[in-house]
Amino acid sequence: HSRRPPRAEDAELSGAGDAVVADADTDEAHGETPGEGGEAAANLLEAAVEGAARAMGYEMVLLEWLGGRGGRVARIYLDHPNGVSLDDCTRMSRIFSNALDAAEADPETPVLAALLAQPYTLEVSSPGVDRPLVRLSHFARVVGGRAVIRTRVAVIPGSDQKTFHGHIVGTEVDPSHPTDDRRGTVRLRALDGDTVHAIALTDIRRANLVYELPGPAHPGASNKHPGAPHSGAGQKTAPATGPKGEH
C-alpha cells in the first residue's frame, strides 16, 4: 500500500452545528454497493470494523461506503459511554487501517479483498449531535427525541412520501427475529399532528437524530432531550492513512 502517517491537519473538529455527513439527498450520500460480492463484502467489511471497535471498548454506530466525485470513502461512526474525542478518532483510525489491511490479506475472504484493493479513504468520526440511527436499540435509546427518517420505498398506502420528520415515540421488536437489532419497527409521531407512522427498520435508508434546543416538552418526550450532546461535543472526524488500496 502507498500511505502516509496521519497529520494534524487531517483531523477536523466541527462545531456543534456542523455535520461532516454528506446531505442524504446528494449523490455522495448514497452508500454505493461495495463492488464485487455486494452484500457479502459489505457484511465482511462491517464485521472486521465492528470487531476491532468492540475490542477497544467502542460501539460502531454506522459504517458508510460512499462513492462520489471525490473518490470512495469508508466512513466509520464510533460512540462510547464517555464520548468520543478527536484523539480517539485519530487513534482508532490507525487501528481500523491495520484491521482492514489484515482483512484484505485474508485468503478466506476474496470478495472483501477485491473491495479493499480499490483506492479509498478511511475516515473515523464521532456521531455528532445529528447522530445516525441504524439499529433498533439506537432508536430505543432516544425515544422522545426528534428525528428525520428517509425510507427506501414509499411506506404509506396511496402516498409517495419517503421522508418523515417527527418524534420517536416507541420501538417494537420483530416477532420473527426478536433478537435481531437490525429488524423491528420504529414509531414516529409526525411534527404536524397526531399521526404516528410505523416504519420497518428494513425500509429505512437513512435516519438521523435532530438536535432540539431545550424548550416545552412535546408528547412522549422526556424533559431533557435524550439526544443532547456531551458538554462541548461537536462532531469529531479524523481521516485515517490514505488513500488506501493503492499498490
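Residues numbered from 1 in each chain as written. Predicted model: local features only at pLDDT ≥ 70, side-chain atom pairs only at ≥ 80, totals over all residues. Heavy atoms only, no water.

Undergrad: Looking at this structure, how should I read the nonpolar core?
TA: Among soluble globular proteins, nonpolar side chains are generally buried collectively. Core analysis: the largest hydrophobic core is formed by 24 residues, its most contacted members being Leu 45, Ile 76, Leu 78 and Phe 96. Contributions of two or more residues to this core are made by helix H1 (39-55), strand E2 (59-68), strand E3 (71-79), helix H2 (86-104), helix H3 (110-116) and strand E4 (121-125). Setting aside anything within four residues of it in sequence, one finds Leu 78 in contact with Ala 53, Tyr 58, Glu 59, Met 60, Val 61, Val 84, Met 92, Phe 96, Val 124, Ser 125, Ser 126 and Pro 127. Core analysis: the second largest hydrophobic core is formed by 15 residues, Leu 136, Val 142, Ile 149 and Phe 164 among them. (Core = buried A, V, L, I, M, F, W, Y, C linked by side-chain atoms within 4.5 Å. Buried < 20%, exposed > 50% of the residue type's maximum accessible area, 1.4 Å probe, protein only. Helix = DSSP H or I, 4+ residues; strand = E, 2+ residues; numbered from the N terminus. Contact = heavy atoms within 4.5 Å.)

Undergrad: Explanation requested: the packing of H1 against H2 in the structure shown.
TA: As a packed pair, H1 and H2 sit with axes 10 Å apart at the nearest point and diverge in direction by 135°. The orientation of H1 with respect to H2, classified from their angle, is oblique. As H1 runs across H2, the sense of the crossing is right-handed. Facing H1, whose interface residues are Leu 45, Ala 48, Val 49, Ala 52 and Ala 53, H2 presents Met 92, Ile 95, Phe 96, Ala 99, Leu 100 and Ala 103. Taken together, the residues of the contact of H1 with H2 sort by class into eleven nonpolar, no polar and no charged. (Axes fitted to C-alpha atoms, helices over the stretch in contact; angles between N-to-C directions. Parallel < 35°, antiparallel > 145°, perpendicular 65-115°, else oblique. Left-handed = near helix turned anticlockwise from the far one by under 90°. Nonpolar A, V, L, I, M, F, W, Y, C, P; charged D, E, K, R; others polar.)

Undergrad: It is not clear to me how the environment of Asn 208 should be interpreted in this structure. Could you clarify?
TA: Position of Asn 208 relative to the elements: it lies in strand E9 (residues 204-210). Residue class for Asn 208 comes out buried when judged on its relative accessible area of 9%. With 75 residues separating them in the primary sequence, Asn 208 and Leu 133 have C-alpha atoms 5.4 Å apart. In contact with Asn 208, other than residues within four places in its own chain, are Asp 130, Arg 131, Pro 132, Leu 133, Arg 146, Ala 147 and Val 148. Reaching out from Asn 208, the side chain makes a polar contact with the side chain of Arg 206 at a distance of 3.2 Å. (Polar contact = N/O pair within 3.5 Å; in protein donor to acceptor, adjacent residues only side chain to side chain.)

Undergrad: I'm lost on the sheet that holds strand E7 (residues 185-190) in this one. Help?
TA: The strands making up a sheet associate through hydrogen bonds between their backbones, and the pairing can be parallel or antiparallel. Reading across from one edge, E8-E7-E6-E5-E9 is the order of the five strands in this open sheet, with antiparallel pairing throughout. Of all the strands in the sheet, just strand E8 (196-200) and E9 have a single pairing partner and so form its edges. In this sheet, neighbouring strand axes are inclined to one another by 40° on average, regardless of whether the strands run parallel or antiparallel. Here five bridges tie E7 to E8, and the two strands are oriented antiparallel to one another. Each bridged residue has a counterpart across the sheet, and for Arg 189 the counterpart in E8 is Val 196. (Pairing = 2+ DSSP bridges.)

Undergrad: What is the right way to read the packing of aromatic side chains from this model?
TA: Centre-to-centre distance and the angle between the planes together describe a pair of aromatic rings. Tallying each qualifying case throughout the model produces one aromatic pair. Seen from their ring centres, Trp 65 and Tyr 120 are 5.3 Å apart, and the 50° between their planes marks the pair as tilted. One end of the pair, Trp 65, is in strand E2; the other, Tyr 120, is in the loop between H3 and E4, and 55 residues separate them in sequence. Note on accessibility: Trp 65 and Tyr 120 belong to one class, buried. (Phe/Tyr/Trp six-rings, centres within 6.5 Å; stacked < 30°, edge-to-face > 60°.)

Undergrad: Hey, could you run me through the confidence of the model for the chain in this one?
TA: Low pLDDT marks regions whose predicted coordinates should not be analysed in detail. Scored by pLDDT, the chain has a mean of 77; 70% of the residues are at 70 or more. Strand E5 (residues 146-151) holds the highest mean pLDDT among the elements of the chain, 97, whereas strand E1 (residues 12-13) holds the lowest, 32. This model gives residues 1-33 a pLDDT under 50, and the stretch forms 77 contacts once residues within four places in sequence are excluded. Low confidence marks residues 220-233, where pLDDT is under 50. Its contacts with residues over four positions away, or in another chain, come to 23 contacts. (pLDDT = per-residue confidence, 0-100.)

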